[in-house]
There are 2 protein chains.
Amino acid sequence: MTRELTVALVGATGVVGEQFLQIMEARALPVRELRLLATARSAGRAIPFRGETLTVAETTAEALAGADVVFVSASTEASRHWCPIARDLGAVAFDDSSAFRMEPDVPLVVPEVNGETLRSHRGIIATPNCSTVPVVLTLAPLMRERAVRRVIADTYQSVSGSGGAAVVELREQTAARLADRPHEPEVYPKQIAFNTIPQVDLFLEDGYTKEEWKMIAESRKILGQADLAISATCVRVPTFVAHAAAVHVELDAPLTAAAARVLWSGQDGLAVVDDPVNAGYPTPVDSAHRDPVFVGRVRQDASHPNGLAYWVVSDNLRKGAALNIVQMVEWMLADGCL
Amino acid sequence: MTRELTVALVGATGVVGEQFLQIMEARALPVRELRLLATARSAGRAIPFRGETLTVAETTAEALAGADVVFVSASTEASRHWCPIARDLGAVAFDDSSAFRMEPDVPLVVPEVNGETLRSHRGIIATPNCSTVPVVLTLAPLMRERAVRRVIADTYQSVSGSGGAAVVELREQTAARLADRPHEPEVYPKQIAFNTIPQVDLFLEDGYTKEEWKMIAESRKILGQADLAISATCVRVPTFVAHAAAVHVELDAPLTAAAARVLWSGQDGLAVVDDPVNAGYPTPVDSAHRDPVFVGRVRQDASHPNGLAYWVVSDNLRKGAALNIVQMVEWMLADGCL
């Protein structure tokens, strides 16, 4: 008999929280009790789940007590505060923020890539940044055939990665600009409507953004290659859901595009969409609200004999966050380590 | 005394045609007579120029006869047809299409980079593709200090690169999607509103698009380095004007970001905007309707000790087309080769 879980969801009213509810219901996660938690401001809101109506409560230690698993997707500050409390109360905390990802005793997991690291958790488990997941999921099968020498990933990231206020800003600012009305940016440092902003998250001393360093550091940790040469430019574009990236990989020996497609076709979690002359390539609009990471436009990279170039898209709220976490729980239940 | 020119503009009613008119007027190009030409459908339209009202006529050999210079910015087919006719009638044809760019006897020119090749023209001169110009203009000054070993450029290209119908499609489709109404794509193979499409121009056998091969082949020709290792993924994004690119350059020895900024600051046609913590980086909205190619976000590329990563934006209708051609004429007039 499957173990039934008491689940607490911190950040239940956010854009990722909404996905957690849909995904737990659709995948029939064995949830005995679900506690929807958020800030005091959102407490009292009614949210449907499996035909019942649940009421959002304020996140408190009392509300976390007795939970088997706690999903935290609010702010990095909320994660820093609540994950250790959840852990100390005996739960396993699954965190969607960058707060704990690089801690040595915190597994950073894409279940299809490094699920086995879930076994060594010590109460806090992190899901990677939404733009990192598709890149590592496409690199992992290539690494079973070839050593990866260098990776460059330039991203096209949707506004939902910045939360609900950014979704509203894109929608309202777009309507304003279409009507030739001004609309001051609030969430973003510049206008996002009909624009591209080469900044995701804050800047570091070396000129990279935190988002770019997440791609670099998290990929190294998940793929278990601490010296992986990898670079990224992360760019916000005016799309609502799903992040895309143009990826260029240098291997230790040539690999044909056809061979890459075969490797990817055998990879759980990945869907190859690669019939370009018939517009067979993934885009954010096609890939939003869907589970797989979609990869296409694979070709030998014209700049290197051992290079591959490709294009990858995935729903940043699902595989980039809520789905990946639910899949971790499923993996652990099947494995018996939860 | 400056030579005064009889100018014919083929494609006068298109998005680039409009820019030609503005730029010739603003820069006081010595135009004695201007003939506005287009297809029969647009003939008769009245367009203001320098306080006069000019009437668009249909493009014919008669209308080109006696012109000193002919600007052609319509379709590739129109270029193939009219450029040789203009040349045979004694004019110098400046072409905005890809029809002649790779012909050995056709100069392919960014005046600040390889203006001297204008002297060897044989009646047809080509301007590079709009996404190529900013890349070569940033590479040229680096190449004066270092050998360039490899270049990767992933683009974020505006819809005006596809012409006026694409601008209308983005505007109307965006309004429709905001109202949750469907809107079938016509210009593009997929929805462009709130989406990114990894296809610009048609596909070739090897999985690259023509646009990507233009970047590769044209950069090699303009920079005079036939074996330059260069790759690109060209992506259409929902912006109206100005193309952006994330560029990763591998040099033969390290070059600091500060040194790159100094080299770029000394480059005509280039403006460095690089104060990222204060949102000092170029975006399409900031860069549209302006002359320079804007470069920012320069940093050492984390994936290679001799690498630089940066971000470049320029108005695809101006420096990517009309402005670059007008600058060629200015260069030739100053040089005496026109």
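Residues numbered from 1 in each chain as written. Chains lettered and ligands numbered in written order. Predicted model: local features only at pLDDT ≥ 70, side-chain atom pairs only at ≥ 80, totals over all residues. Heavy atoms only, no water.

Draft legend 1. Quick peek at the overall build of chain A. A tally of regular secondary structure across chain A gives 10 helices and 14 strands. A compact globule built from 338 residues should have a C-alpha radius of gyration of about 20 Å, and chain A, at 20 Å, falls within 12% of that. The principal-axis extents of the C-alpha atoms in chain A amount to approximately 60 × 55 × 40 Å. Looking at chain A as a whole, 61% of its 338 residues qualify as buried. If you take every contact in chain A between residues at least 6 apart in sequence, the share linking residues at least 24 apart comes to 66%. Of the roughly 12,300 Å² of accessible surface on chain A, a fraction of 49% belongs to carbon and sulfur atoms. Of the side chains in chain A, 31 bear a positive and 41 a negative charge, and the two mean positions are spaced by 1 Å. (Helix = DSSP H or I, 4+ residues; strand = E, 2+ residues; numbered from the N terminus. Rg over C-alpha atoms; globule rule 2.2 N^0.38 Å. Buried < 20%, exposed > 50% of the residue type's maximum accessible area, 1.4 Å probe, protein only. Contact = heavy atoms within 4.5 Å. Areas by Shrake-Rupley, 256 points an atom, 1.4 Å probe, with all protein chains shown as cover. Lys, Arg positive; Asp, Glu negative; His and termini not counted. Charge placed at Lys NZ, Arg CZ, Asp CG, Glu CD.)

Draft legend 2. Representation of the relation of the copies chain A and chain B. Once turned by 180 degrees and shifted 0.0 Å along the axis, chain A lies on chain B with an RMSD of 0.0 Å. In the structure described here, the two chain copies are related by an operation that fits a two-fold rotation axis. With an isologous cut-off of 70% or more, the 100% of interface residues of chain A that recur at the interface of chain B puts this contact in the isologous class. (Least-squares fit on C-alpha atoms with pLDDT ≥ 70 in both.)

Draft legend 3. Structural detail: the packing of helix α6 (residues 164-178) of chain A against helix α6 (residues 164-178) of chain B. Between α6 of chain A and α6 of chain B, the shortest axis-to-axis distance is 11 Å and the interhelical angle comes to 135 degrees. Regarding the angle of α6 of chain A to α6 of chain B, the classification is oblique. Where α6 of chain A crosses over α6 of chain B, the handedness of that crossing is left-handed. Touching Arg 171, Thr 174, Ala 175 and Leu 178 of chain A of α6 of chain A are Arg 171, Thr 174, Ala 175 and Leu 178 of chain B, all from α6 of chain B. (Axes fitted to C-alpha atoms, helices over the stretch in contact; angles between N-to-C directions. Parallel < 35°, antiparallel > 145°, perpendicular 65-115°, else oblique. Left-handed = near helix turned anticlockwise from the far one by under 90°.)

Draft legend 4. Main features of the packing of aromatic side chains. Here the structure, examined in full by the defined rule, presents 15 aromatic pairs over all chains. When the ring of Tyr 156 of chain A is compared with that of Trp 311 of chain A, the centres are 5.2 Å apart and the planes differ by 70 degrees; the resulting orientation is edge-to-face. Of this pair, Tyr 156 of chain A sits in strand β9 (residues 148-156) while Trp 311 of chain A is found in strand β14 (residues 307-314), placing the two residues 155 residues apart along the sequence. Both residues of the pair, Tyr 156 of chain A and Trp 311 of chain A, belong to the buried class. Geometrically, the ring pair formed by Tyr 156 of chain A and Tyr 156 of chain B is stacked, given 4.0 Å between the ring centres and 20 degrees between the ring planes. (Phe/Tyr/Trp six-rings, centres within 6.5 Å; stacked < 30°, edge-to-face > 60°.)

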